[in-house]
Amino acid sequence: MKNLIKITATLLLLGGLNSASAMDLSKADIGNGAAVWSDVCMRCHNVRLPEDLNKRAWEYSMNHMRIRAGLTGQETRDILAFILASKTKDDAHN
Amino acid sequence: MKNNLKGITLMSFFASTLLSTQLFGANIEQLAQDVELLKANLESNSKSGFQLAGYAAFDYSDKDFSGVKFAPIFHAKYGDIFQFEGELEFNVDSKGETVTELEYAAGTIFLNDYMGLQVGKFMSPVGQFVQNQHPSWINKLPATPVGFGHDGAAPTSNVGVALRGGLPKMGDIRSNYVLFVANASVYGKVEDGAIEGSIDANGRTSSNGAAPTIGGRYAINPVGNMEVGISGSFGQISDVDQSSSTRDYSVFDVDFMYNIDAISLKGEYVQQDIGTSDISSFDTEGGTWAAWYAQASYLFAFAPIEPVIRYSDYHNPELQRNQLALGLNYLFASNLVAKLAFEVNTNEDSAVPSDGLYNEDILRMQLAFGF
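What you see is a predicted model, and the numbers here were worked out from it, not measured in a lab.

About the criteria used
- Residues numbered from 1 in each chain as written.
- Chains lettered and ligands numbered in written order.
- Predicted model: local features only at pLDDT ≥ 70, side-chain atom pairs only at ≥ 80, totals over all residues.
- Heavy atoms only, no water.
- Helix = DSSP H or I, 4+ residues; strand = E, 2+ residues; numbered from the N terminus.
- Buried < 20%, exposed > 50% of the residue type's maximum accessible area, 1.4 Å probe, protein only.
- Contact = heavy atoms within 4.5 Å.
- Areas by Shrake-Rupley, 256 points an atom, 1.4 Å probe, with all protein chains shown as cover.
- Phe/Tyr/Trp six-rings, centres within 6.5 Å; stacked < 30°, edge-to-face > 60°.
- Lys NZ or Arg CZ within 6 Å of the ring centre and 35° of its normal.
- Buried area = accessible area lost by both parts, 1.4 Å probe.
- Salt bridge = Lys/Arg side-chain N within 4 Å of Asp/Glu carboxyl O.
- Polar contact = N/O pair within 3.5 Å; in protein donor to acceptor, adjacent residues only side chain to side chain.
- Nonpolar A, V, L, I, M, F, W, Y, C, P; charged D, E, K, R; others polar.
- Expected span 1.5 Å × (residues − 1).
- Pairing = 2+ DSSP bridges.
- Lys, Arg positive; Asp, Glu negative; His and termini not counted.

Moving on, we get to the overall build of chain B. Each helix and strand counted, chain B has two helices and 18 strands in total. Residues classed as buried in chain B amount to 44% of the 371 residues present. Expressed as a percentage of contacts within chain B between residues at least 6 apart in sequence, the contacts between residues at least 24 apart total 54%.

With that out of the way, let us pick up the overall build of chain A. Regarding its fold elements, chain A presents four helices and zero strands. Along the chain direction, N to C, the helices and strands of chain A fall in the order α-α-α-α. Looking at the 94 residues of chain A, the share that counts as buried comes to 48%. Total accessible area computed for chain A in this model is approximately 4,700 Å², and 61% of it derives from carbon and sulfur atoms.

Here D39(A) is to be found in helix α2 (residues 30-40). Taking the relative accessible area as the measure of exposure, D39(A) reaches 35% and is therefore partly exposed. Contact partners of D39(A), with chain neighbours within four places excluded, come to G224(B) and N225(B).

What follows concerns the packing of aromatic side chains. For any pair of aromatic rings, the description rests on two quantities: the centre-to-centre distance and the angle between the ring planes. All chains considered together, the criterion is met by 15 aromatic pairs over all chains. Ring centres of F70(B) and F90(B) lie 6.0 Å apart, and the angle between their planes is 20°; this geometry places the pair in the stacked category. Separated by 20 residues along the polypeptide, F70(B) in strand β2 (residues 64-78) and F90(B) in strand β3 (residues 82-92) bring together distant segments of the chain. Cluster of aromatic residues (ring-pair linked, three or more members): F129(B), F148(B) and Y293(B). The ring of W137(B) is capped by R48(A), whose NZ or CZ atom sits 4.7 Å from the centre of that ring. The ring of Y60(A) has K77(B) lying over it, and the distance from NZ or CZ to the ring centre is 4.9 Å.

Taken together, the contact between chain A and chain B spans 42 residues of the former and 60 residues of the latter. Both faces combined, the contact of chain A with chain B buries some 4,300 Å², and carbon together with sulfur accounts for 49% of it. Counting across the interface, chain A meets chain B through four salt bridges. Residues K77(B) and E59(A) are paired through a salt bridge, measuring 3.0 Å at the closest nitrogen-oxygen approach. If you look at where chain A meets chain B, you find 23 residue pairs in polar contact (both at pLDDT 80 or more). Looking at the side of chain A that touches chain B, the elements with two or more residues in it are α1 (2-20), α2, α3 (55-69) and α4 (73-86) of chain A. The leading source of residues in the side of chain A that touches chain B is α3(A), at eleven residues. Of the residues in the side of chain A that touches chain B, the class split is 17 nonpolar, eleven polar and 14 charged.

Once that is clear, we can look at α4(A). Its 14 residues place the ends of α4(A) 20 Å apart at the C-alpha level, agreeing with the 20 Å of an ideal helix rising 1.5 Å per residue. With eleven of 14 residues buried, α4(A) lies mostly within the body of the structure. When we look at burial in α4(A), the residues that qualify are G73(A), E75(A), T76(A), R77(A), D78(A), I79(A), L80(A), A81(A), F82(A), I83(A) and L84(A). Those residues of α4(A) that are buried are in contact with α2 and α3 of chain A together with β7 (173-182) of chain B.

Turning our attention to α3(A). Residue and element names in this part refer to chain A. Here α3 contains 15 residues, and its C-alpha end-to-end distance of 20 Å stays within 8% of the 21 Å for a straight helix at 1.5 Å per residue. All buried positions along α3 are accounted for by A57, W58, E59, Y60, S61, M62, N63, H64, R66, I67, R68 and A69. One side-chain oxygen of the residue at the start of α3 lies 3.1 Å from the amide nitrogen of R56, identifying that residue as N54. Phi turns positive one or two residues past the end of α3, at G70, with a value near 65°.

Another point: the pairing of strand β18 (residues 361-370) of chain B. Residues and elements named next belong to chain B. By the bridge criterion, seven bridges tie strand β1 (residues 48-61) to β18 in an arrangement that is antiparallel. Across the sheet, the residue bridging to F58 is L367, located in β18. With nine bridges connecting them, strand β17 (residues 336-347) and β18 associate as antiparallel partners. Counted as the bridge partner of L340 is M365 from β18.

Under the defined criterion, the tally for this structure stands at twelve salt bridges over all chains. Note that E227(B) and R217(B) form a salt bridge whose closest N and O atoms lie 2.8 Å from each other. Note that E227(B) is positioned in strand β11 (residues 226-239) and R217(B) in strand β10 (residues 213-221), a separation of ten residues in sequence. Each member of the pair E227(B) and R217(B) is classed as buried. Taken together, the shared-partner salt bridges in this structure form one network comprising R43(A), R217(B), E227(B) and D255(B).

For K266(B), the location among the structural elements is in strand β13 (residues 263-274). E306(B) provides the closest opposite charge to the buried, unpaired K266(B), separated from it by 7.7 Å. One polar contact links K266(B) to S264(B), side chain to side chain, over a distance of 3.2 Å. Residues contacting K266(B), with those up to four places away along its chain left out, are R43(A), C44(A), Q133(B), K140(B), F256(B), M257(B), Y293(B), A294(B) and Q295(B).

Next up on the list: unusual backbone geometry. All names here are of chain B. The phi dihedral of N208 is positive, around 55°, even though this residue is not glycine. In the Ramachandran plot, D261 falls in the positive-phi region, its phi being about 50° despite a non-glycine side chain. Assignment of secondary structure puts D261 in the loop between β12 (242-260) and β13. Judged by relative accessible area, D261 falls into the exposed class, the value being 76%.

Next comes the structure, spelled out in structure tokens:
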């Protein structure tokens, strides 16, 4: 019962979150994100791993890198989706 | 027997209480985690927001603790249609005073997937070093190549508008572009009451009577982690003490970057040309400010140690110099780097007195952190 309420609440929150989400990643292609990430992200500086930043900060930095690295909007969303999917609970950062 | 039974019942009762307490504990922990997650979700559940990044660097050279730099970057955005980025650079100078500079402050409206319209003060889109290698945690050596610092051959920043973005793929090849219109740079720097012939290509909020600068960059990525770019700009430039003394102004640049596993190669050539002016009070001739550098580094697999070698060369109407820099970096993390470097500086122009300024060999150390 408790779990059910928890799940429903989470789903509701996530559902609401999506529609209000800053970056719409629903059509992002994680596979392409991984490919472009490994083709682009080590060129200018040492690679910054998904664990380096929290999820929220990644949205800002990917917008920043979109401008710096001349990425298309779709590439930016694909890479962001890949980075967020690669984050694990062990990323002991805030 | 009865007592035994009682004992067993009690024991199992205790055990189950213990177990349920444990379960309960785990539940609470799980709940706490979920609450944290929900809190985090709620926190990011807004369209506009703000985030801090930046870098810091501490230098030692020539028997002095020679540099302290703190450069916070502010990012603010509205959804994925608008991004603001601003970098402040704080430095302490040799007199103990704090020097502040607004390195860049620009807002970008993402018009569609291929176009961002940027307004404000942005790093010069010409070339790569100034724009993409200047942060200390990125630059693999403690100092910039000769000619790529402020007042060198490479323009630093612009105030204006830029249209930029990534282009649709051509086969497997990606490419990107920048087009910009900005206020003109200014020629001449007032130093000890006299005017020195140097180009001040830092973004300013006036063209000082000259026509605006129009420029762009186009770059392709023939293979992964490689970029070749060509860029430039043209317009006018006027004298710092006399806005009616306008001249032709143009910039040309080619840049190259390639990362192959542990090897990183970078290079760039930049040239700024200034025309003549009959009415100038300090220099009627104008001339060419040109610089180039080539750099290679290798990150060992057995330890996070990275040797770097860089050669750079700079000449303008008044000087001709070059530098060979050898460095050894220790990467505590990809964004936390300790650097040790030795620079061999050579003044090639015998007409310029060798006051040690461009002839000295320097040992530099730096700790750089990007966040």
